[in-house]
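Each chain is listed here by its residues.
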Amino acid sequence: MIEIKGLTKKYGSFYALKDLNLTIEEGTVFGFVGANGAGKSTTFSILATLLQPTSGEAWINGISISQSPHEVRKQIGYMPDFFGVYDQLKTEEYLDFYGASYGLDAQQRAVLIPKLLELVNLSNKRNDYVDLLSRGMKQRLCLARALIHDPKVLILDEPASGLDPRARVEMREILRELKAMGKTILISSHILPELAEMCDTLGVIDSGELIAHGSVQSIQEKLQSEKVISVKMTGSFAEAIVFFENDPLVSQITEIQEKGILQFLYKGTEDEQLALLRKAMASGLPILAFSEEETDLEDVFMEITKGADAL
Amino acid sequence: MKELLANPVMVKEIKLRFRNMKSFTGLFFYLLIMGIFVFGFINLTSSISGSGFFRPEESFLLFSMLSYIQLGLILFITPGLTAGTISSEREKQTLNILLTTAQSSFQIIFGKLLSSIAFLLLLLVSGLPIYSMVFLYGGVSPSQIAAIFLFYFLTLLVIGALGVLYSTLLRRTIVSMIATYSTMIFLTAVTGFFLILSVSLSAAAMGTGVAPLSYFWASINPAVVLLTLLEPGFSAEIAQLTGIPLPLWVSYTIFCTLIFAGSIWLSVSKLRVNMNKYR
């Protein structure tokens, strides 16, 4: 479990992170979304004990990052957004070095390394030089490296950035496996849909502030005060337009004549939406279908980050 | 001790160093220079004297020159090996990952220093057979060689620790190299110049009393300290000149120990630059 309380990082008068409060339950996957420079990497660097916060505190499995950073390091597997590899070191030796760095003895390393290479689909590359691997392979190797000491918590900063679609899918598969293994995973991305399907909870950060936190659905609901409703009808729209205009929760009614659809923005709750439909049916409007339009997560993300900018 | 020798950073660095042709070429040229010098000197002296002999005095001269050449090589090679240890990790973006492992700052710094020193020790040890050529002709005692080797070890430990310190403090390897070489030049050339200056000034003042400044410059200059090790008579001369009877090698050892300990302490505390409060 990860607990973050009032975490703040200031550079002069600039807030890279402002009063972040967050709790991430054990065994869940938390997605951190935000534009570049929003404060995701700052948060992760603080949690990885690489950066000292200006104020605030965080606990990883109950261990304070400021009081016992050395103990925290044993609990976490950290993968930075940008990282390099050593030249002239083979894949197996690369993992061996980090295994030794976590105090694993030679026997333990010899057992673990083939398993990890298999997990990240690099078994056939075990004798290849690390610096000659492709970007996607390096990312996967770095993930294997972060797993070598069997950490309970994984902090992955943009693990899919710069990868081609195929490598992204592979990375997602591995993360799914890790989730099944019961790891608590913190993962960041500047692309919301990339995270939405694999995360239990999401946090949206903008200009150093957490502007939304919760399940994907709740975030969508919270951030989107208005939803788009489509009503498919037969016959004339005139009567229906008058009917919907009388509802104070409806706005911006538009007709899509060729498809026989009437579309409007609705800001009521689900119960109110149900009541509206019942009333419409009772008043005898020729309604064929009444549905909520699927909104693009990307649009939501763009909308909310734009909103926060304007504040 | 076992933990120190099983240092993962050191093991990895040594592995990488010897996977690299550069190290073998370096070793080859080091021995080549030493070899050419020894055989050239022996050939030249015996042919100039026309006797075909190589006298013990000449053997001692060869030993002295060889000792200075080796000191020069240590002074020039050590900064090159140590001044990029931490900054190159930073430049290659491997440092952050290393800092999140369970290794302490001390382990990382010490591993880096030990691996560089291990290579330098290999250079010294591999040069021993050439160095020992002088034994064939006499004039030099084994204890003198041992003392000089200890002196080399101390010197490379200090320059190495300074290189690691600069590499920790300065972000770029090239700047760290310049800083380390500058310090090395200060310790050899600049202190030498100050020594000559302070000696001539005190001579001009006809002073016969204590000259601590001259003693200080002499005691931190490796070339001068080496001279006192080669020629014990020179040690007495320095004592007479400065009025301080403490042998230079004692002060040099104290100076080196202080600089070494200070550099390591500072490197360890500054390695996690963004984590001032904790290690």
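Heads up: these notes are all about the structure in this document. Predicted, not measured: the structure shown is a model, and the values here were computed from it. (Residues numbered from 1 in each chain as written. Chains lettered and ligands numbered in written order. Predicted model: local features only at pLDDT ≥ 70, side-chain atom pairs only at ≥ 80, totals over all residues. Heavy atoms only, no water.)

### What to know about the overall build of chain B
- Across its full length, chain B holds 13 helices and zero strands.
- Principal axes of the C-alpha set define a box for chain B whose edges measure 65 × 50 × 35 Å.
- For chain B, the proportion of its 279 residues judged to be buried stands at 48%.
- For chain B, the accessible surface area stands at approximately 13,000 Å², while carbon and sulfur atoms represent 75% of it.
- Side chains of chain B give 16 positive and 8 negative charges; the mean places of these two sets differ by 21 Å. (Helix = DSSP H or I, 4+ residues; strand = E, 2+ residues; numbered from the N terminus. Buried < 20%, exposed > 50% of the residue type's maximum accessible area, 1.4 Å probe, protein only. Areas by Shrake-Rupley, 256 points an atom, 1.4 Å probe, with all protein chains shown as cover. Lys, Arg positive; Asp, Glu negative; His and termini not counted. Charge placed at Lys NZ, Arg CZ, Asp CG, Glu CD.)

### Looking at the packing of helix H5 (residues 135-147) of chain A against helix H6 (residues 165-180) of chain A
Residue and element names in this part refer to chain A.
- Where H5 contacts H6, the axes come no closer than 10 Å and their chain directions differ by 15°. Classified by the angle their axes make, H5 and H6 are roughly parallel. Once H5 is placed against H6, the crossing between them reads as right-handed. For the pair formed by H5 and H6, the contact residues are Gly 136, Gln 139, Arg 140, Leu 143 and Leu 147 on the first element and Ala 167, Glu 170, Met 171, Ile 174, Leu 175 and Leu 178 on the second.
- For the contact of H5 with H6, the residue count by class is seven nonpolar, two polar and two charged. (Axes fitted to C-alpha atoms, helices over the stretch in contact; angles between N-to-C directions. Parallel < 35°, antiparallel > 145°, perpendicular 65-115°, else oblique. Left-handed = near helix turned anticlockwise from the far one by under 90°. Contact = heavy atoms within 4.5 Å. Nonpolar A, V, L, I, M, F, W, Y, C, P; charged D, E, K, R; others polar.)

### Considerations on the sheet that holds strand E12 (residues 250-256) of chain A
Residues and elements named next belong to chain A.
- With antiparallel pairing, the four strands of this open sheet are ordered in space as E12-E13-E11-E14. The sheet is open, and its two edges are formed by E12 and strand E14 (287-292), each paired on a single side. Here the strands of the sheet are splayed against their neighbours by 20° on average, with no regard to which way each runs.
- Two strands pair when backbone bridges link them, and strand E11 (residues 227-233) and strand E13 (residues 261-266) are joined in this way by six bridges, in the antiparallel orientation. (Pairing = 2+ DSSP bridges.)

### Some points on the state of the cysteines
- Counted according to the given criterion, the structure contains zero disulfides over all chains.
- Residue Cys142(A) stays outside any disulfide, its sulfur separated by 19 Å from that of Cys199(A), the closest cysteine. (Disulfide = S-S within 2.5 Å.)

### Digging into the environment of Ser202(B)
- With respect to the helices, strands and loops of the structure, Ser202(B) is situated in helix H9 (residues 173-204).
- Expressed as a C-alpha distance, the spacing of Ser202(B) and Gly163(B), which sit 39 residues apart in the sequence, is 35 Å.

### A closer look at the nonpolar core
- Tyr94(A), Leu143(A), Leu178(A), Ile187(A), Tyr131(B) and Tyr152(B) are the most contacted members of the largest nonpolar core, which has 145 residues in total.
- In contact with Tyr94(A), other than residues within four places in its own chain, are Val85(A), Leu89(A), Val130(A), Leu141(A), Arg145(A) and Ile97(B).
- In terms of nonpolar packing, the next biggest core, distinct from the first, is built from 17 residues, Phe244(A), Leu262(A), Leu276(A) and Ala280(A) among them. (Core = buried A, V, L, I, M, F, W, Y, C linked by side-chain atoms within 4.5 Å.)

### A word on a negative patch on the surface
Residues and elements named next belong to chain A.
- Taken together, the side chains of Glu 270, Asp 271, Glu 272 and Glu 292 define an acidic patch exposed on the protein surface.
- The dominant element in the negative patch, judged by the number of residues it contributes, is helix H10 (residues 270-282), at three residues.
- Within the fold, Asp 271 resides in helix H10. (Patch = residues over 30% accessible without salt bridge, like charges linked within 9 Å, V, L, I, M, F, W, Y side chains within 5 Å. Salt bridge = Lys/Arg side-chain N within 4 Å of Asp/Glu carboxyl O.)

### A short note on the packing of helix H2 (residues 8-19) of chain B against helix H7 (residues 105-131) of chain B
All names here are of chain B.
- Remark: H2 packs on H7, axes separated minimally by 8 Å, with the N-to-C direction vectors making an angle of 40°. Taken together, H2 and H7 sit at an angle that is classed as oblique. The handedness of the crossing between H2 and H7 comes out as right-handed. Along the contact surface, H2 presents Val 9, Met 10, Lys 12, Glu 13, Ile 14, Arg 17 and Phe 18, while H7 presents Ile 108, Gly 111, Lys 112, Leu 114, Ser 115, Ser 116, Ala 118, Phe 119 and Leu 122.
- Grouping the constituent residues of the contact of H2 with H7 by class yields nine nonpolar, three polar and four charged.

### Digging into the environment of Pro142(B)
- With respect to the helices and strands, the residue Pro142(B) is situated in helix H8 (residues 142-169).
- When the C-alpha positions of Pro142(B) and Arg171(B) are compared, they lie 44 Å apart, and in sequence the two are 29 residues distant.

### Re the interface of chain A and chain B
- Tallying the contact residues gives 33 residues for chain A and 27 residues for chain B.
- With both sides pooled, the region where chain A packs onto chain B buries about 2,800 Å², and carbon together with sulfur makes up 59% of that total.
- Here chain A is connected to chain B by two salt bridges.
- Arg19(B) is the salt-bridge partner of Glu93(A), the closest N and O atoms lying 2.6 Å from each other.
- For the side of chain A that touches chain B, the elements supplying multiple residues, two or more each, are helix H2 (69-75), helix H3 (91-101) and H5 of chain A.
- The element best represented in the side of chain A that touches chain B is H3(A), accounting for six residues.
- Looking at side-chain class alone, the side of chain A that touches chain B contains 20 nonpolar, seven polar and six charged residues. (Buried area = accessible area lost by both parts, 1.4 Å probe.)

### Section: the pairing of strand E7 (residues 153-156) of chain A
Residue and element names in this part refer to chain A.
- Side chains of E7 alternate between two faces, with Val 153 and Ile 155 and Leu 154 and Leu 156 buried alike.
- Pairing of strand E6 (residues 76-79) with E7, which is carried by four bridges, proceeds in the parallel orientation. If you follow Met 79 over to E7, its bridge partner there is Leu 156.
- Two elements, E7 and strand E8 (residues 184-189), share four bridges in a ladder whose sense is parallel. Its bridge partner lying in E8, Leu 154 is registered against Ile 185.

### What about the sheet that holds E6(A)?
Residues and elements named next belong to chain A.
- Spatial strand order, E6-E7-E8-E3-E9-E10: six strands in an open sheet with mixed pairing. The open sheet is flanked by E6 and strand E10 (209-214), the only strands paired with a single partner. Here the average twist between neighbouring strands, direction ignored, is 15°.
- One ladder, built from five bridges, connects strand E9 (residues 201-206) with E10; its direction is antiparallel.

### Describing a nonpolar patch on the surface
- The grouping of Phe28(B), Phe29(B), Leu32(B) and Ile36(B) at the surface amounts to a nonpolar patch, some 410 Å² of accessible area in total.
- According to the relative accessible area criterion, Phe28(B) is partly exposed, its value standing at 48%.

### Overview of the packing of aromatic side chains
Residues and elements named next belong to chain A.
- Within this structure, the stated rule accounts for 21 aromatic pairs over all chains.
- For the ring pair Phe 32 and Phe 44, a centre distance of 5.8 Å and an interplane angle of 20° mean the geometry is stacked. Taken together, the positions of Phe 32 in strand E3 (residues 29-33) and Phe 44 in helix H1 (residues 40-47) put the pair twelve residues apart, joining distant regions of the chain.
- An angle of 35° between the planes, with centres 4.7 Å apart, marks the rings of Phe 244 and Phe 264 as tilted. (Phe/Tyr/Trp six-rings, centres within 6.5 Å; stacked < 30°, edge-to-face > 60°.)

Treat this as a map of the structure, not an account of what it does.
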